[in-house]
Amino acid sequence: MIKYLIEKEFKQMFRSKFMPRMIVMYPILIMIFMPFAANSDISNLNLCVIDNDHSVYSERLVNRIEASTYFKLTSTKGTYYEGLKEVESDRADILLVIPPHLERYLSLNEPAHVWIAANSVNAVKGSLGISYLSSIVSNQNKSSIPIDVTYLYNKHQDYKLFMVPGLVAMILIALCGFLPALNIVKEKEVGTMDQINVTPVNKFTFIIAKLIPYWVIGFVVLTICFIMAWAIYGFVPVGNLGVIYLGASIFVLAVSGLGLIISNNSDNMQQAMFVMWFCMIVFMMMSGLLTPIQSMPQWAQDINVLNPLKYFIQIARMVFLRGSSVTDIAEQLIALSIFAIGFNTWAVLSYRKSN
Amino acid sequence: MKQFRSFIRKEFRHIFRDRRTVLILLGIPIIQIILFGFALSTDLNNDRVAVLDPSQDELTHRITNEINSSQYFKVVRNISNADQADAAFKKNEIDMALIFPPRFAAKLPNDSSTHMQLLLDGSDPNMARMGYNYASSIITSSQKQQPAKAVQSVIPNIQLLYNPQMKSSYNFVPGVMGMILMLLCAMMTSISIVREKENGTMEVLLVSPMRPIFIILAKMVPYMVLSLANLLTILLLSVYLLHVPIAGNLGLLFGVSFLFIMVTLFIGLLISNVANTQVLAMMMSGLMLMMPTVFLSGMVFPVESMPKVLQWLSCAMPARWYIQAMRKVMIEGVGLQYVFKEILVLTGMLAILLTASLKTFKNRLA
């Protein structure tokens, strides 16, 4: 019985020319473009210098800043007011004002000040820009306690490496969450649902037959993503690939189950899509994909226990970047299993063969 | 005109019949504003720190205490060897490890090779660098009591323009506005037109004495009203709840928003002309339009840090220009002459979309 139902699902899926193409092209396109776009790396900030000192020291200072990879000297202006105009018209991100007689104050060992003003509409950009610039200006590196710093797991400080595992999770939830959400409700709209309802197929078999195709799609998509990550960026997971697949298999079951619940409870496709979209946006924003989870206030972290995407992004990043093993991610795996069992039980229960 | 009005009334009924969708459409901006305003932070808070301190002297205790008492860090455990740090990183239990050598305070003044070690989880490069910056300045300042050598140095005075409290909501509010308007206008319009095609009711509408183009225009009006309502909600919430001030001219703000709403409505019309089924329209607007908009428009990720090719690509996103204009008008409070370019680009896009969607618009169903 279940064999024929699954066969039916696959036939329905491949009947439209668009679907299989999208399942293959979507992860490819996302993996090509998005890691470059999803780049919060702060470099090449546009700097505007207002040098009122015109001394050897101030010239050397500007050269030192230019030599760093973080700043690009785009203009030099005479007054602070002119510099501000550069910021307002988006030609400069950060201003450095060197007052007159800086060099003389320094040589007299008197306090010498410079002014830094940064456009901090984007808070990360503003604060990182200011801390880079002030550390260059004050030459702060000479700390009295020598600090030896090591950045683990991402040696080249590559933001793309951080984003790739997260994007894989996004692609999985976009395809394996959205398509099931539209699936049952589409059958309702077209009317084929009634035909299924009069057959002796039981609820459990029906839901399993709906789930398995998305499970297969999940594996296909995941494989495409990892091949792309290796082919374009040369990223290979530090940990065991099998561990990620294990996590993904449970994660896909959970989100597909969620999609099926939404589909069961929706009257039309538009509604199903917006409900799924709403869930996805909230999951995504809270997942730690874009902002660090530990920076959230405690109440938000408590709510976040209910976010399946958070667990999978953690798994993906931990295994891909840090090489965590199954025992390291046991907590996340258990949480995802609870989601998978809970959502799918709910999906079976919410499917009614008669009104 | 009377016919036109009854067509508009029909559209409103269609929309409000589906309570759940309306609730979500009006609820998404509220949830997003609350999450962005109160839950999400791009700054570093409560970074989890492990300390390996075999020397246990006054200096290491002072440094550990000062790290722990700052808002950026929270010492969650003490470890006894470096392997434990590695295991904790792999379990995602810590973000930073502070490692002191034995007899730190005693050796420091005499032995120049003595140094403390800072291990950071570099997975997220920005957070790691921020963590290093904060930690090193705390460690340096904990040394202040000892007489510092007179070093010739420049003191930077810092001023944060436009966003003195470094709130991330200043950056997000214009982004949320762009995303909601895009979703509401482009996605909803396209789906609702395609649905009429799929159900066959479009045929009925087209044989009515109304000109086809007015039928479509009547479809757009309710979404325009809804998006203005959403815009107002977002602005009120951001001013009264998040305390993000509107620094610029309110008229200019609404003018630019209206222009953007028109652009997105015509994108919706264009999609509905091309797509024949609801699923196709949803996939086109949902995955092919929304995802690039979220990532490429500068909503979350700054456009300047993208490679050149993507920067050019992002120029084709209407939301990019709108968000840029909103940041300038709302947050920076600049006048018309500074957003002139954005307005010009949006008007140009509107003209292109208008001609394209009217060209592809078919009076008859095939």
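Residues numbered from 1 in each chain as written. Chains lettered and ligands numbered in written order. Predicted model: local features only at pLDDT ≥ 70, side-chain atom pairs only at ≥ 80, totals over all residues. Heavy atoms only, no water.

Kindly report on the overall build of chain B, identifying the contributing residues and their values.
Helix and strand counts for chain B stand at 14 helices and five strands. A compact globule built from 366 residues should have a C-alpha radius of gyration of about 21 Å, whereas chain B, at 28 Å, is more than 25% larger. Along the first, second and third principal axes, the C-alpha set of chain B runs to 95 × 45 × 40 Å. Taken over 366 residues, chain B has a buried fraction of 57%. Within chain B, contacts between residues separated by at least 24 positions form 77% of all contacts whose residues are at least 6 apart in sequence. Counting only carbon and sulfur atoms, one obtains 61% of the accessible surface of chain B, whose full area is about 15,700 Å². (Helix = DSSP H or I, 4+ residues; strand = E, 2+ residues; numbered from the N terminus. Rg over C-alpha atoms; globule rule 2.2 N^0.38 Å. Buried < 20%, exposed > 50% of the residue type's maximum accessible area, 1.4 Å probe, protein only. Contact = heavy atoms within 4.5 Å. Areas by Shrake-Rupley, 256 points an atom, 1.4 Å probe, with all protein chains shown as cover.)

Could you give an account of the overall build of chain A, with specific residues and numbers?
A count of helices and strands for chain A gives 14 helices and five strands. Scaling as 2.2 N^0.38, a compact globule of 355 residues should have a C-alpha radius of gyration of about 20 Å, whereas chain A reaches 27 Å, well beyond that. With the C-alpha coordinates of chain A rotated into their principal frame, the extents come out at 95 × 45 × 40 Å. Taking all 355 residues of chain A together, 60% fall into the buried category. Look at the contacts in chain A between residues 6 or more apart in sequence, and 77% of them connect residues 24 or more apart. Total accessible area on chain A stands at roughly 14,600 Å², and carbon and sulfur atoms take up 62% of it. Computed over 26 positive and 23 negative side-chain charges, the inter-centroid distance for chain A is 13 Å. (Lys, Arg positive; Asp, Glu negative; His and termini not counted. Charge placed at Lys NZ, Arg CZ, Asp CG, Glu CD.)

Can you break down a positive patch on the surface residue by residue, with the values?
Together, Lys2, Arg5, Arg9 and Arg13 of chain B line one region of the surface with positive charge. In this fold, Lys2 of chain B is placed in helix 1 (residues 2-17). (Patch = residues over 30% accessible without salt bridge, like charges linked within 9 Å, V, L, I, M, F, W, Y side chains within 5 Å. Salt bridge = Lys/Arg side-chain N within 4 Å of Asp/Glu carboxyl O.)

Account for the packing of aromatic side chains, with residues named and values stated.
Residue and element names in this part refer to chain A. A full pass over the atoms with the stated rule returns 16 aromatic pairs over all chains. Judged by centre distance (5.6 Å) and plane angle (20°), the ring pair of Tyr233 and Phe235 falls under stacked. We classify Tyr233 as buried; its relative accessible area is 13%. Its relative accessible area of 11% is what places Phe235 among the buried residues. A ring pair is formed by Tyr311 and Phe339, whose centres lie 6.1 Å apart and whose planes are at 50°; its orientation type is tilted. (Phe/Tyr/Trp six-rings, centres within 6.5 Å; stacked < 30°, edge-to-face > 60°.)

Account for the nonpolar core, naming residues and giving values.
Tyr26, Leu172, Trp277 and Leu309 of chain A together with Met177 and Tyr322 of chain B are the most contacted members of the largest nonpolar core, which totals 196 residues. Among the elements that line this core, the one with the most residues is helix 7 (residues 159-190) of chain A, at 21 residues. Not counting chain neighbours up to four residues away, the residues in contact with Tyr322 of chain B comprise Met177, Gly178, Leu181, Leu231, Val256, Ser257, Phe260 and Leu346 of chain B. If you look at the next biggest cluster of nonpolar residues, it comprises 47 residues, including Leu102, Leu128 and Tyr132 of chain A together with Phe100 of chain B. (Core = buried A, V, L, I, M, F, W, Y, C linked by side-chain atoms within 4.5 Å.)

Help me get a handle on the side chain of Ser272 of chain B, residues and values and all.
Counting through the fold element by element, Ser272 of chain B comes out in helix 10 (residues 250-274). Polar contacts involving the side chain of Ser272 of chain B include one to the main-chain carbonyl oxygen of Leu269 of chain B, which spans 2.7 Å. (Polar contact = N/O pair within 3.5 Å; in protein donor to acceptor, adjacent residues only side chain to side chain.)

Can you break down the pairing of strand 1 (residues 47-52) of chain B residue by residue, with the values?
Residues and elements named next belong to chain B. Most of strand 1 is tucked away, with six of its six residues classed as buried. Two strands pair when backbone bridges link them, and strand 1 and strand 2 (residues 73-79) are joined in this way by six bridges, in the parallel orientation. In the strand pairing of strand 2, Asp47 is matched with Phe73. One crossover worth recording links strand 1 to the parallel strand 2 by way of helix 3 (residues 58-69), and it is right-handed. Relative to strand 3 (residues 96-99), strand 1 runs parallel, the two sharing four bridges. Across the sheet, Val51 pairs through a bridge with Leu98, a residue of strand 3. (Pairing = 2+ DSSP bridges. Right-handed = clockwise from strand over helix to strand, strands pointing away.)

Tell me about the domain arrangement of chain A, residues and numbers included.
By domain assignment, chain A separates into domain 1 (2-38 + 155-350) and domain 2 (45-140). Here domain 1 of chain A and domain 2 of chain A have C-alpha centroids that lie 47 Å from each other. (Domains from an automatic or database assignment.)

Report on the domain arrangement of chain B, specifying residues and quantitative values.
Taken domain by domain, chain B consists of domain 1 (47-161) and domain 2 (168-365). For domain 1 of chain B versus domain 2 of chain B, the distance between C-alpha centres works out to 48 Å.

Kindly report on the packing of helix 13 (residues 308-322) of chain A against helix 14 (residues 330-350) of chain A, identifying the contributing residues and their values.
Residues and elements named next belong to chain A. For the pair helix 13 and helix 14, interaxial distance at closest approach is 9 Å and the crossing angle is 145°. Relative to helix 14, helix 13 is oriented so that their crossing is left-handed. Together, Pro308, Tyr311, Phe312, Gln314, Ile315 and Met318 of helix 13 and Gln332, Leu333, Ala335, Leu336, Phe339 and Phe343 of helix 14 make up the contact between the two elements. Grouping the constituent residues of the contact of helix 13 with helix 14 by class yields 10 nonpolar, two polar and no charged. (Axes fitted to C-alpha atoms, helices over the stretch in contact; angles between N-to-C directions. Left-handed = near helix turned anticlockwise from the far one by under 90°. Nonpolar A, V, L, I, M, F, W, Y, C, P; charged D, E, K, R; others polar.)

Go over the confidence of the model for chain B, please, and point to the residues and values.
The predicted coordinates should not be examined in detail at positions where pLDDT is low. Residues and elements named next belong to chain B. Mean pLDDT over chain B: 80, with 92% of residues reaching 70 or higher. Here residues 147-151 is modelled with pLDDT under 50, and outside its nearest four sequence neighbours on either side it reaches zero contacts, counting other chains as well. Both scores are available for the predicted complex, with the pTM at 0.79 and the ipTM at 0.77. (pLDDT = per-residue confidence, 0-100.)

Describe the environment of Glu198 of chain B, and please don't skip the residues or the numbers.
All names here are of chain B. Along the chain, the position of Glu198 falls in helix 7 (residues 169-199). Distance from Glu198 to Val345, taken between C-alpha atoms, is 35 Å for residues 147 residues apart in sequence. Those residues in contact with Glu198 that lie beyond four places of it in its chain are Asn276, Thr277 and Gln278.

Tell me about the pattern of salt bridges, and please be specific about residues and values.
All names here are of chain B. Per the counting criterion, the structure on display carries 16 salt bridges over all chains. In this structure, Arg77 and Glu93 form a salt bridge, with 2.8 Å as the shortest nitrogen-oxygen distance. Taken together, the positions of Arg77 in strand 2 and Glu93 in the loop between helix 4 (82-90) and strand 3 put the pair 16 residues apart, joining distant regions of the chain. Among the salt bridges present, the one from Lys219 reaches Glu196, with a minimum N-O distance of 2.7 Å. Residue Lys219 is located in helix 9 (residues 212-240), and its partner Glu196 is located in helix 7; the two are separated by 23 residues in the primary sequence.

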